[in-house]
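Observations on the three-dimensional arrangement
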Amino acid sequence: MSGYTSEDITTVGRITTLYGVKGWVKVYSHTEPMESILDYSPWLLNINGQWLPFKISDGKKHGKGLVAKLTGVDDRDIAKQYCGVDIAIETSQLPELEEGDFYWSQLEKLSVLTESGDKLGNVSHLIATGSNDVLVVKGNADSIDRRERLIPYLPDQVIKEINLEEGTIRVDWDPEF
């Protein structure tokens, strides 16, 4: 057993594919800016359902992405087993946010309710569009229907309240839209 629970860790990226022949891998980062993922140590990699710690011996921006070298992984064949693996860190490593700011991972899975109390569904994930982030809300058995809705993340305009303790987001949103 790895000893990490889903509350202890936050997924920050994924190893996508191999880079070169000396054990380097390409990395997709969820951090902003993307290079910030290289500052966290150790990385926790989900290997066969267990989160195992790995140190990074080197990493850098390469083209539009990132490449990294896991300590002790010096061969392309060894590195291949990590392709497609999620990268997480201990949540305690994340910087403190200002009041009213949230990490995307905190919003995922929250119930989305209209101001009148109707449940639209749960946040599946978020999308960065450039102008504003968008909540992807998927209906389920407990919601008014099973539709998927794209709701703009606009605090005070659309997003009226986020209550992490209750696991809810209250929105000013027409369920028919």
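Residues numbered from 1 in each chain as written. Predicted model: local features only at pLDDT ≥ 70, side-chain atom pairs only at ≥ 80, totals over all residues. Heavy atoms only, no water.

**Structural notes on the pattern of salt bridges**
Per the counting criterion, the structure on display carries eight salt bridges. Among the ionic pairs, Glu148 bridges to Lys138, the shortest N-O distance being 3.7 Å. Of the two residues, Glu148 is situated in strand 11 (residues 148-152) and Lys138 in strand 10 (residues 133-138); the sequence distance between them amounts to ten residues. Under the relative-accessibility criterion, Lys138 is labelled partly exposed at 39%. (Salt bridge = Lys/Arg side-chain N within 4 Å of Asp/Glu carboxyl O. Helix = DSSP H or I, 4+ residues; strand = E, 2+ residues; numbered from the N terminus. Buried < 20%, exposed > 50% of the residue type's maximum accessible area, 1.4 Å probe, protein only.)

**Overview of the sheet that holds strand 13 (residues 168-171)**
Sheet architecture is open: six strands sit in the order 11-10-9-8-13-12, paired in mixed fashion. Unpaired on one side and paired on the other, strand 11 and strand 12 (159-163) mark the two borders of the sheet. Put simply, the sheet's adjacent strands are angled 35° from each other on average, direction ignored. Taken together, the four bridges between strand 12 and strand 13 define a ladder with antiparallel strand orientation. Residue pairing for strand 13: Asn163 is matched across the bridge by Thr168. (Pairing = 2+ DSSP bridges. Axes fitted to C-alpha atoms, helices over the stretch in contact; angles between N-to-C directions.)

**As for the nonpolar core**
Counting 21 residues, the largest nonpolar core has Val27, Trp43, Leu45, Leu70, Tyr82 and Ile87 as the members making the most contacts within it. Elements supplying a minimum of two residues to this core: strand 1 (9-19), strand 2 (24-29), strand 3 (43-47), strand 6 (65-70) and strand 7 (86-90). Once residues lying within four places of it in the same chain are set aside, the contact partners of Tyr82 are Ile15, Leu45, Ile47, Phe54, Leu70 and Val73. Grouped together as the second largest cluster of nonpolar side chains are 16 residues, Leu120, Val123, Leu126 and Val171 included. (Core = buried A, V, L, I, M, F, W, Y, C linked by side-chain atoms within 4.5 Å. Contact = heavy atoms within 4.5 Å.)

**Digging into the environment of Val73**
In this fold, Val73 is placed in the loop between strand 6 and helix 1 (76-80). A residue is classified by how much of its surface remains accessible, and Val73, at 4% relative accessible area, is buried. Taking the C-alpha atoms as reference points, Val73 and Ser57, separated by 16 residues in sequence, lie 9.4 Å from one another. Excluding its chain neighbours within four sequence positions, the residues that come into contact with Val73 are Lys22, Gly23, Ile78, Ala79 and Tyr82.

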